[in-house]
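# Reading the structure
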Amino acid sequence: MKKIITLLLTLFISLSAKESEETPYTLGEGLQVASLPLYLGGYFSLDYKRKPNEEKYEIEDFAILGYGSYEKISYITELEFKKLYVNANKNEERSVEQDTALHVERLYSTYNVNENYDLGVGKYNSPIGYWNLIPVNVLRDTSSIPITSFIIFPQYTTGVNASYNSYTDNDFRIDVMLQKNSDIDPKYNNYEINEHYGIGFTYAKNNFSLKFNAGVFQIVDYYNEDDEFNGKEHDGGDGDGDEDDIDKDFETLTSSKHYYALLSAKYDSDSFQVMGEIGSQRSKDDFITKYAGYVQSVYRFDEKHMAILRAESYDNQVSKIAENMAIVGYTYRPIYPIAIKTEYQFHSISNNDTLLLSFSMMF
Amino acid sequence: MTTNFIKFFLLCSVLCNFSYADEYVIVANKNMKELSLGEIKAIFLKKISFTNDIKVIPINLSSRDAVRSKFEQQILKMNLIKLKSYWTKQHYLGRRPPITMKSQEAIKTFVKKVDGAIGYMNVNNVDDSVKILYKWSDE
């Protein structure tokens, strides 16, 4: 493991040194490898989480990006260690985990048909909602992401993506997602899926944008190891996570197609931003997630300091959990590609209030 | 007497305002088709990379240039914080910021010679070797 990281860092540093002789390197914008159509970059996040009976330190993401374009074809690859190091203390029991598997987060290529149309193939972030397009700690407002962004739709799609953009004064965009095959890296998705058909419409005028997504997908297996959701979706009925409950949920979840819809709106001025999303997911017979939504406001004091307030609510029929949350956060960016964040989550379910601290960087 | 003085004062104020309203233009190679303001904005934000099968090459002035600042505020409608945030996010999405040149003269020469090149400058620096796509003045 250490060898892999050392190798990657050595490669990056040596490329940085070579590059600096020609053009100045800007942190957060990557660097070009010689004169090739290849740019390298990456990001990482160091997190600390504290709950009433749990404390955790972790290297949450460590990823390397490689991308470039030649004529009308562009490509991007993103390889990531998801939980490189986790040191947890839960109910006075300490554990250390190291997941050294290198995951394929994205691997796709896009053909630019003309100024309005793009056609892509590979594994990509499903262009749904606002948060899923940039699922990287350093680039988002808070360390956590709203639950809406990972229980309603598949975060990644492996297949074809077509998009249309009007590029008029009032932008109008359509995204189409098609998957009828396995995931390139099935372990790196919130759902393991083998089918996904989705469409999205985005309208933007000046500082305002409105987005609607809808689609259907078929689950093969069900993960959700995301800590923000605390593994609740694995826990059926009584929420204690026993095997019987998990089997029951698994059957419910994989027996039919899942339909989702998500409505998103955002107003973004120079000093403040208000955004909200509301979505739902159901099978043919019943709701899986009746609703999940949030409203968030961000106030930028200046270039470096911002405060965030978010209210979230959801009702999941499988885990039988309905919860409300209030999240108060503060983010300091000494320079934009470096973020030091703190947030406190107030949960309506007892013993779930959480303190999150993180240091993240894009390079 | 007082009325005349006030009229004279108002006239001077209006004329002064006119004389300080600098004008700027977005220029492209002569082979470039007409572009809407939405398309120009998309080109400088690297959302459009080809038009009529010609690769577009947007060119910025250096980061501290006053004309660049006016272009970003009045055409892109983005302040410095938003642009920093935008380009860091674009790095994650696999897009690079436009190339930069140090002077308006350098941009004009490049635009004149290279198909698909597009830049901006003060209207006083323009001649008929380049095509004017859009003109704006200080707000």
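This report concerns the structure included in the present document.

At the interface, 39 residues of chain A touch 28 residues of chain B. Of the roughly 2,800 Å² buried where chain A meets chain B, counting both sides, 55% is carbon and sulfur surface. Area buried by chain A at its contact with chain B is led by Glu115(A), Tyr167(A) and Tyr336(A), which between them contribute 25% of it. Here chain A is connected to chain B by 3 salt bridges. Where chain A packs against chain B, one counts 18 residue pairs in polar contact (both at pLDDT 80 or more). Among the secondary structure elements, those contributing two or more residues to the side of chain A that touches chain B are β2 (39–51), β3 (54–70), β4 (73–81) and β7 (102–112) of chain A.

Residues and elements named next belong to chain B. Spatially, the 5 strands line up as an open sheet ordered β5-β4-β6-β1-β7, and their pairing is mixed. Two strands close off the open sheet at either side, each with one partner strand: β5 (99–101) and β7 (131–137). Taking each pair of neighbouring strands and ignoring which way they run, the sheet shows an average axis angle of 30 degrees. With 5 bridges joining them, strand β1 (residues 23–28) and strand β6 (residues 117–122) adopt antiparallel strand pairing. In the sheet register, Tyr24 faces β6, and the bridge partner there is Asn122. Against the sheet, helix α5 (residues 104–113) engages β1, β4 (57–61), β5 and β6, with an angle of about 145 degrees to β6.

A few words now on the pairing of β2(A). The side chains of a regular strand alternate between the sheet's two faces. All names here are of chain A. With 11 of 13 residues buried, β2 lies mostly within the body of the structure. In the sheet, strand β1 (residues 31–32) pairs with β2 via 2 bridges, with the strands oriented antiparallel. Opposite Leu31, over in β2, you have Leu40 as the bridge partner. Hairpin connection between β1 and β2: a loop of 6 residues separates the two successive antiparallel strands, and Ala34 in this loop has a positive phi of roughly 45 degrees. Note that β2 and β3 share 13 bridges and pair antiparallel. Across the sheet, residue Leu40 finds its bridge partner in β3, namely Gly66.

Parameters at a glance
Residues numbered from 1 in each chain as written. Chains lettered and ligands numbered in written order. Predicted model: local features only at pLDDT ≥ 70, side-chain atom pairs only at ≥ 80, totals over all residues. Heavy atoms only, no water. Contact = heavy atoms within 4.5 Å. Buried area = accessible area lost by both parts, 1.4 Å probe. Salt bridge = Lys/Arg side-chain N within 4 Å of Asp/Glu carboxyl O. Polar contact = N/O pair within 3.5 Å; in protein donor to acceptor, adjacent residues only side chain to side chain. Helix = DSSP H or I, 4+ residues; strand = E, 2+ residues; numbered from the N terminus. Pairing = 2+ DSSP bridges. Axes fitted to C-alpha atoms, helices over the stretch in contact; angles between N-to-C directions. Buried < 20%, exposed > 50% of the residue type's maximum accessible area, 1.4 Å probe, protein only.

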